[in-house]
Amino acid sequence: RATLERLLRAGARWVWFRERDLAPDARRALARDIARLVQAEGGSLTIGADVALAAELGADGVHLPGGTTAAEIAEARRRLSGGRIGVSAHTLEEIAVAARSGADYATLSPIFPTQSKPGYGPALGAAALETAAGFGMPVIALGGITVDRVDACRAAGAAGVAVMGA
């Protein structure tokens, strides 16, 4: 909580609640607390992988996991009619499905080698970002992003970058 408060005071405005390990009631309570903090600062809250919780909290969006189908994107859109729908993608085909199905954005990873999630396969590289940007939907580069790689991602067409470790 203290870290989030500092980030919001520093100007962060889009928060992705991605807690996966808590029991459902504890997760819901934490999400409510996070929602209050983000809303008090005029921020935007996206709930990871849980459309029902996003709808319950009146969150600004949901971020769906890799492998999400067109039907799942449509259901998320139905439940969050004005919300932002994001999708995690690990292949260009997943980007294509998300774009065709009306997702608002996607993360694409891993762009560069990463130690935090080595199981997602080999690095896709900046060339994959160029192809993904051609689908007409904002793509956020994720995986192995460091300060010295941001410009290359943006030059390749990434709408933004997401950072976990750095």
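Up top you'll find the structure we're talking about.
Reference entry: report on the structure contained in this document.

Quick notes on the rules
- Residues numbered from 1 in each chain as written.
- Predicted model: local features only at pLDDT ≥ 70, side-chain atom pairs only at ≥ 80, totals over all residues.
- Heavy atoms only, no water.
- Buried < 20%, exposed > 50% of the residue type's maximum accessible area, 1.4 Å probe, protein only.
- Helix = DSSP H or I, 4+ residues; strand = E, 2+ residues; numbered from the N terminus.
- Right-handed = clockwise from strand over helix to strand, strands pointing away.
- Pairing = 2+ DSSP bridges.
- Phe/Tyr/Trp six-rings, centres within 6.5 Å; stacked < 30°, edge-to-face > 60°.
- Lys NZ or Arg CZ within 6 Å of the ring centre and 35° of its normal.
- Axes fitted to C-alpha atoms, helices over the stretch in contact; angles between N-to-C directions.
- Parallel < 35°, antiparallel > 145°, perpendicular 65-115°, else oblique.
- Left-handed = near helix turned anticlockwise from the far one by under 90°.
- Contact = heavy atoms within 4.5 Å.

**So, the pairing of strand E6 (residues 139–142)**
Phase 1 of the analysis: In E6, alternate side chains face the same way, and those of Val139 and Ala141 on one face and Ile140 and Leu142 on the other are all buried.
Phase 2 of the analysis: At this point the chain moves from strand E5 (residues 105–108), through helix H6 (residues 126–133), to the parallel E6, and the crossover so formed is right-handed.
Phase 3 of the analysis: Bridge analysis of E6 against strand E7 (residues 160–162) gives 3 bridges, and the strand direction is parallel. Considered in E7, the bridge of Leu142 is made with Ala162.
Phase 4 of the analysis: Between the parallel elements E6 and E7, the chain passes through helix H7 (residues 150–155) in a crossover that is right-handed.

**Details of the packing of aromatic side chains**
Phase 1 of the analysis: Counted under the stated rule, the structure contains 1 aromatic pair.
Phase 2 of the analysis: It is Arg18 that lies over the ring of Trp16; its NZ or CZ is 5.4 Å from the centre.
Phase 3 of the analysis: One cation-aromatic arrangement involves Arg149 over Phe112; the distance from NZ or CZ to the ring centre is 4.5 Å.

**Remarks on the packing of helix H1 (residues 2–9) against helix H2 (residues 24–40)**
Phase 1 of the analysis: Between H1 and H2, whose axes approach to 10 Å, the crossing angle comes to 15°. Here H2 runs roughly parallel to H1, going by the angle between their axes. Taken as a pair, H1 and H2 cross one another with a handedness that is right-handed. On H2, the residues touching Leu4, Glu5 and Leu8 of H1 are Ile34, Leu37 and Val38.

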